[in-house]
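# Structural overview
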Protein chains: 2
Amino acid sequence: MIKHFFEPKSVAVIGASDTPPKGGYHVMNNLINYGFKGKIFPVNPGKKEILGCTVYRSIKELPEAAELAVIVIPRDGVLQALRECADKGIQSIIISSGGFSDADDEKGKEMARQVSELVRQLGLKIMGPNSLGVIDLSSGLNTTFGPLGVVKKGDIALLGQTGLFATGFIRWIHSGQYFGLSKVVSLGNKSDIDESDVLEYVANDSDTRVIAMYLEGVRDGKRFYKLAAEISKSKPIIVIKSGRTERGRRSMLSHTGTLAGDDNVFNALCKQAGIIRVYSFQKLFDLSKAFSYLSLPLDNNIAIISGSGASGVIGSEYAAERGLELPEFNENTVRKLKGIFPEWAPVKNPLDIWVAIEMVGYNQTIPTCLNAVADDPRISSIVLAIAAPFMEFDLAGIVENVRRKYPQKCLVVCFVSGSNDIAQKNFAELEKARIPCYFWMENAISVISKLCQYRDYLRRQD
Amino acid sequence: MIKHFFEPKSVAVIGASDTPPKGGYHVMNNLINYGFKGKIFPVNPGKKEILGCTVYRSIKELPEAAELAVIVIPRDGVLQALRECADKGIQSIIISSGGFSDADDEKGKEMARQVSELVRQLGLKIMGPNSLGVIDLSSGLNTTFGPLGVVKKGDIALLGQTGLFATGFIRWIHSGQYFGLSKVVSLGNKSDIDESDVLEYVANDSDTRVIAMYLEGVRDGKRFYKLAAEISKSKPIIVIKSGRTERGRRSMLSHTGTLAGDDNVFNALCKQAGIIRVYSFQKLFDLSKAFSYLSLPLDNNIAIISGSGASGVIGSEYAAERGLELPEFNENTVRKLKGIFPEWAPVKNPLDIWVAIEMVGYNQTIPTCLNAVADDPRISSIVLAIAAPFMEFDLAGIVENVRRKYPQKCLVVCFVSGSNDIAQKNFAELEKARIPCYFWMENAISVISKLCQYRDYLRRQD
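A few words on the pattern of salt bridges. Residues and elements named next belong to chain A. Applying the stated criterion across every chain, the model contains 65 salt bridges over all chains. Measuring nitrogen to oxygen at the nearest pair gives 3.9 Å for the salt bridge that ties lysine 9 to glutamate 67. Placement of the pair is lysine 9 in the segment before β1 (10–14) and glutamate 67 in the loop between β4 (53–54) and β5 (68–71), with a sequence separation of 58 residues. In this structure, lysine 39 and glutamate 64 form a salt bridge, with 2.7 Å as the shortest nitrogen-oxygen distance. Of the two residues, lysine 39 is situated in strand β2 (residues 39–43) and glutamate 64 in the loop between β4 and β5; the sequence distance between them amounts to 25 residues. Overall, glutamate 64 belongs to the partly exposed group, its relative accessible area being 29%.

Next up on the list: the interface of chain A and chain B. How big an interface is tends to be expressed through the accessible area that disappears when the partners come together. Taken together, the 73 residues of chain A in the interface contact 72 residues of chain B. Summed over both sides, the interface between chain A and chain B buries roughly 5600 Å², with carbon and sulfur atoms accounting for 58% of that surface. Run the count over chain A and chain B and you get twelve salt bridges. Among the salt bridges present, the one from B:Glu321 reaches A:Arg244, with a minimum N-O distance of 2.5 Å. At the level of elements, α4 (168–176), β12 (237–241), α7 (246–255), α9 (281–293), α10 (309–321), α12 (354–360) and α15 (420–432) of chain A are the ones that each hand at least two residues to the side of chain A that touches chain B.

With that settled, consider the packing of helix α5 (residues 195–203) of chain B against helix α6 (residues 221–231) of chain B. Residues and elements named next belong to chain B. At a closest axis distance of 10 Å, the pairing of α5 and α6 adopts a crossing angle of 20 degrees. Between α5 and α6, the angle is such that the two are roughly parallel. Crossing handedness for the pair α5 and α6: left-handed. Seen from α5, the contacting residues are Glu195, Ser196, Asp197, Leu199, Glu200 and Ala203; seen from α6, they are Arg223, Phe224, Leu227, Ala228 and Ile231. Residue composition of the contact of α5 with α6, grouped by class: six nonpolar, one polar and four charged.

With that settled, the discussion passes to unusual backbone geometry. The residue after B:Gly128, namely B:Pro129, is reached through a cis peptide bond having omega -5 degrees. A cis geometry characterises the amide bond from B:Asn349 onward to B:Pro350, with omega recorded as 0 degrees. A positive phi angle, close to 65 degrees, is found at A:Asn130, a residue other than glycine. Mapped onto the elements of the fold, A:Asn130 is located in the loop between β7 (125–127) and β8 (133–136).

Residue and element names in this part refer to chain A. Within strand β16 (residues 381–386), six of the six residues are buried, which leaves it mostly tucked inside the rest of the structure. With burial as the criterion, each face of β16 is covered, one bearing Ser381, Val383 and Ala385 and the other bearing Ile382, Leu384 and Ile386. For strand β14 (residues 302–306) and β16, the ladder comprises five bridges, and the chain directions are parallel. Each bridged residue has a counterpart across the sheet, and for isoleucine 305 the counterpart in β16 is leucine 384. Alignment of β16 against strand β17 (residues 410–415), held across six bridges, turns out to be parallel. Among the inter-strand pairings, isoleucine 386 is bridged to a residue of β17, identified as phenylalanine 415.

Residue and element names in this part refer to chain A. With mixed pairing, six strands are arranged side by side in an open sheet as β8-β10-β9-β11-β12-β13. Of all strands in the sheet, those with a lone pairing partner are β8 and β13 (276–278), marking the two edges. The sheet shows a mean angle of 20 degrees between the axes of neighbouring strands, taken without regard to direction. Summarising the sheet, strand β9 (residues 153–160) and strand β10 (residues 181–186) pair through five bridges and their orientation is parallel. Paired with glycine 160 across the two strands is serine 186, which belongs to β10.

On to the pairing of strand β14 (residues 302–306) of chain B, then. Residues and elements named next belong to chain B. The buried fraction of β14 is high, at five of five residues. Across two bridges, β14 lies against strand β15 (residues 351–352) in parallel orientation. Looking at β15, one finds that serine 306 is bridged to aspartate 352.

This part takes up the packing of aromatic side chains. With the rule as written, the count across this model stands at 38 aromatic pairs over all chains. Summarising the aromatic geometry, the rings of A:Phe427 and A:Phe439 are spaced 5.6 Å apart at their centres and angled 35 degrees between planes, so their arrangement reads as tilted. Here A:Phe427 is found in helix α15, whereas its partner A:Phe439 is found in strand β18 (residues 437–439), with twelve residues between them in sequence. Ring geometry for B:Phe415 against B:Phe439: centres 5.5 Å apart, planes inclined by 35 degrees, an arrangement best described as tilted. In this pair, B:Phe415 sits in strand β17 (residues 410–415) while B:Phe439 sits in strand β18 (residues 437–439), placing the two residues 24 residues apart along the sequence.

Structural remark: α-helix, 3.6 residues per turn; residues separated by three or four positions point the same way. Residues and elements named next belong to chain A. Among the eleven residues in helix α1 (residues 23–33), eight count as buried, and that is most of the element. Along α1, the positions that sit buried rather than exposed are Gly24, Tyr25, His26, Val27, Met28, Asn29, Asn30 and Leu31. The elements touched by buried residues of α1 are β1, β2, β3 (49–50), β4 and β5. Phi turns positive, to about 70 degrees, at glycine 35, one or two residues after α1.

In this section: the relation of the copies chain A and chain B. For the pair chain A and chain B, the relating rotation is 180 degrees, the translation along its axis is 0.0 Å, and the fit reaches an RMSD of 0.0 Å. Taken together, the rotation and translation relating the two chain copies correspond to the operation of a two-fold axis. Looking at the interface residues of chain A, 99% of them are also at the interface in chain B, so both copies use one shared face.

We now examine the environment of B:Asn349. Tracing the backbone shows B:Asn349 in the loop between α11 (331–338) and β15. Between the C-alpha atom of B:Asn349 and that of B:Lys3, which follows or precedes it by 346 residues, the distance is 51 Å. In this view, B:Asn349 contacts A:Arg247, B:Ile302, B:Ala303, B:Ile304, B:Leu326, B:Pro327, B:Glu328, B:Phe329 and B:Ile379; residues no more than four positions away in its chain are not counted. There is a polar contact of 3.0 Å between the side chain of B:Asn349 and the backbone oxygen of B:Ile302. Polar contacts involving the side chain of B:Asn349 include one to the main-chain amide nitrogen of B:Ile304, which spans 3.1 Å.

What counts, and at which threshold
Residues numbered from 1 in each chain as written. Chains lettered and ligands numbered in written order. Predicted model: local features only at pLDDT ≥ 70, side-chain atom pairs only at ≥ 80, totals over all residues. Heavy atoms only, no water. Salt bridge = Lys/Arg side-chain N within 4 Å of Asp/Glu carboxyl O. Helix = DSSP H or I, 4+ residues; strand = E, 2+ residues; numbered from the N terminus. Buried < 20%, exposed > 50% of the residue type's maximum accessible area, 1.4 Å probe, protein only. Contact = heavy atoms within 4.5 Å. Buried area = accessible area lost by both parts, 1.4 Å probe. Axes fitted to C-alpha atoms, helices over the stretch in contact; angles between N-to-C directions. Parallel < 35°, antiparallel > 145°, perpendicular 65-115°, else oblique. Left-handed = near helix turned anticlockwise from the far one by under 90°. Nonpolar A, V, L, I, M, F, W, Y, C, P; charged D, E, K, R; others polar. Pairing = 2+ DSSP bridges. Phe/Tyr/Trp six-rings, centres within 6.5 Å; stacked < 30°, edge-to-face > 60°. Least-squares fit on C-alpha atoms with pLDDT ≥ 70 in both. Polar contact = N/O pair within 3.5 Å; in protein donor to acceptor, adjacent residues only side chain to side chain.

Fair warning: the whole summary comes from geometry, so function is off the table for now.
Here it is as structure tokens:
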């Protein structure tokens, strides 16, 4: 059962260790740090206790058939372990070990075939090989075999064929991002469980609101399409997929041994199924947090409020290129703004607020402009571009107030220059308040345009 | 004389102040902080001394005709100040004040015409209006009217129609970037001195090796083209230019009052003249520091060494899309690498080093891989992608050693995930050693492809 890969009542760690650099140590440590709620059965022939857990000498000697086993031993012992698991009645297994279809030698490829054979013969469910497994922020399951900080529970699921989701990106999120995760899955070589299986699972998971995926190939295109088309009506699916160049397809064979399929076909599939395709991890995360924090913009009309004229100009170009409109403010808005600008200053969209800041300071300029523009019925989304904060002021507090007052407006902040330390401080405060925050104008504009595209897809489904 | 705008023997500050938030205070303070080597003559009718400098009550009362005047008073007094400067024999003038062709009212536009008229009548040289003027890291001139940290002297010149170059970006560089600047020019409305004038000046400046520009329009296309074509043979010129959409062109009118011209014509001009056109400030800086730190790659062959398989795959796609090649390593290289990988692991380009790190650790994996690949005659550029540094190790020291040994190889580091604090520490150390360092794979690959394009342009000129 796929459920056992996310919330098993018990987990056996085959190859558990008490020595820190070893993978079998980190699996144990991560289970404990993430507060796994089930029973933990470490298996190691030479130990008595690991991190406070009683150790079992072999799979056979386990006190019960664990609902999930994690295999963290070199590849040569994997087939035997699978058989022993089956004998014990353990049916759900994560194979962390690499060197199967991802290997460069015939032996690995042969062993991959044998894993598939055992799956068929013994009725096993396998995730991997070459998989870091699952992090489930609800059950506390974490089968990653590297050291990790504990990330926040949230509504974004990360699924795919990269260990980065369960290692490097967890550390990146833990050390400087503020969005939360629901489930993380590193599929590895997909000898059995594939993207469609886990997609279906998170679709029914009430914790997950946004689904972000990295794919190299799709095993069953028809099933994936049907699932995605259904799910994307209620949860946005953002996908980065490799294999659009011949070179990329070649590299994939050494990575996960996956065949990419025709990229045009995948593109068409995305369009039809409402999948939002992106081409970099940065965009994947930029967009995931926006979907997590924001409701969708009502239309394509945006305003740019910028501390720099050049950034406003550049932002209006990005907007135009991405199908967004910058309407002029209505008379009421202009009247409210005029009061804090010198008489000669243009009060137009994009709004260059520099002269207002000089005249009345940040603390009056930012709330006056944000409130006036948010109140303008012509404007649905606002990008507030902070250009040169040399004074500290409560940016997050100001933006939060406006968002509370105008919850239907899509409000995004970006830093286009200025002191790094002040920007970092503001970034942290804004993101903690679930206001999406980006560095560089194009990232902010790009996010809003993608939200609008997804909204249009949903409307076409009505 | 344009030279007086960069290294005047004396500068008069019209509207000097001793009260911190005022522009006239910051000009004084910046001149002193940047160690301006000439004489400073503050002009203010009500003060005796400002920051240790004797104050003059009027322009007329100045002890000599300063080689440069900076006007930091509201727009209504500017025309009169220009006349008084001319009477005194001051010919080179920066007008900081805004509200001329950038203004929304008829009065501003009329005053802009009068400024141009005075330039003609009185033989003045004007930078601005609406200009932050010049920062010259050699003479110590800094006419910016906001607070700034002191940035490092280096070989990158920033020229253009944005105050950001002399404000927000200086603070950004000061607080977290490690490249140095030679000259910074904020042109403003270009009533007189334009992009060609300053381009010509930095072309002859021995401090400047890389020229980065933000433009909204080009006043004299023919002159700019001739200059750029000549200069780009020895100094790369990187340009971000607004006005490629109707919406952007409209926004520009409120920013600097500039007419953009036909974007296709500008694109053709760039191609012909060897100008590297980019579309974001991020790319402008990414590329400027690469040109500053690196010599040009000998050919388009790159290697990707990555702590993550997925990032290697993604990187090889970006490379293929940008005309770069990932050749297989030669036999010698493969032999040297095999020793630190499990026997089954693929030793191919892109090189996924994760299993080697698990086997022998970072401290052996990174130098072994970097040295072997740098020694491979098939490889001209290397992207080292750090995916998940959870152990601290001397990355900068390792990379520096390899660069010293293989100076003709183009070596770039990028962080594709991992702990923010470790990445920031490594970023600082690498950049201080002039090794260009980026976040996200696409930024690193994009930089190398642009270096190759410029190299191809230069070869066509031979």
